[in-house]
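Survey of secondary and tertiary structure
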Amino acid sequence: MSDQSGSFTKFRSHLFVEAFLVIALVVYMVLAKSYVVGADFAFTAIGAGLMALVTYWTLTTVRDGIEIIANRANVNPS
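The notes below deal with the structure included here.

About the cut-offs
- Residues numbered from 1 in each chain as written.
- Predicted model: local features only at pLDDT ≥ 70, side-chain atom pairs only at ≥ 80, totals over all residues.
- Heavy atoms only, no water.
- Helix = DSSP H or I, 4+ residues; strand = E, 2+ residues; numbered from the N terminus.
- Buried < 20%, exposed > 50% of the residue type's maximum accessible area, 1.4 Å probe, protein only.
- Contact = heavy atoms within 4.5 Å.
- Areas by Shrake-Rupley, 256 points an atom, 1.4 Å probe, with all protein chains shown as cover.
- Salt bridge = Lys/Arg side-chain N within 4 Å of Asp/Glu carboxyl O.
- Core = buried A, V, L, I, M, F, W, Y, C linked by side-chain atoms within 4.5 Å.

Observations regarding the overall build of the chain
When you go through the chain residue by residue, the secondary structure sums to two helices and zero strands. Looking at the 78 residues of the chain, the share that counts as buried comes to 21%. Relative to all contacts within the chain whose residues are 6 or more apart in sequence, the contacts with residues 24 or more apart total 74%. Put simply, the chain shows about 5,900 Å² of open surface, and 72% of that area lies on carbon and sulfur atoms.

The structure is reproduced here in structure tokens:
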């Protein structure tokens, strides 16, 4: 049972990081409204990196959630 508790704690911390990254991406998008894509290379590179990080972290968080669901469904009934 402690393994399931640890998995849930890990999942919850991943959700907090996910929320922070999504908020950072929204802030970036609001700031990017006034920029033309490619006009400022550093700004564009930061945005591309942030989007890649959010995508990676989202997939990792989803994987952790699926692992928790699989562990709960795989409880031995005997």
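Observations regarding the pattern of salt bridges
The full count for this structure, using the stated rule, is three salt bridges. A salt bridge links aspartate 64 to lysine 10; the shortest N-O distance between them is 3.9 Å. Of this pair, aspartate 64 sits in helix α2 (residues 41-73) while lysine 10 sits in helix α1 (residues 2-32), and the two are 54 residues apart along the sequence. Overall, the relative accessible area of 4% leaves aspartate 64 in the buried class. When its relative accessible area of 40% is taken as the criterion, lysine 10 is described as partly exposed. The partner of aspartate 64 in a salt bridge is arginine 63, and the shortest N-O contact between them spans 3.6 Å. Each of the salt bridges in this network shares a partner with another, and the network as a whole consists of Lys10, Arg63, Asp64 and Glu67.

Description of the nonpolar core
Leu21, Leu25, Tyr28, Ala32, Phe43, Leu50 and Val54 form the largest nonpolar core, which has seven residues in total. In contact with valine 54, other than residues within four places in its own chain, are Glu18, Leu21, Val22 and Leu25.

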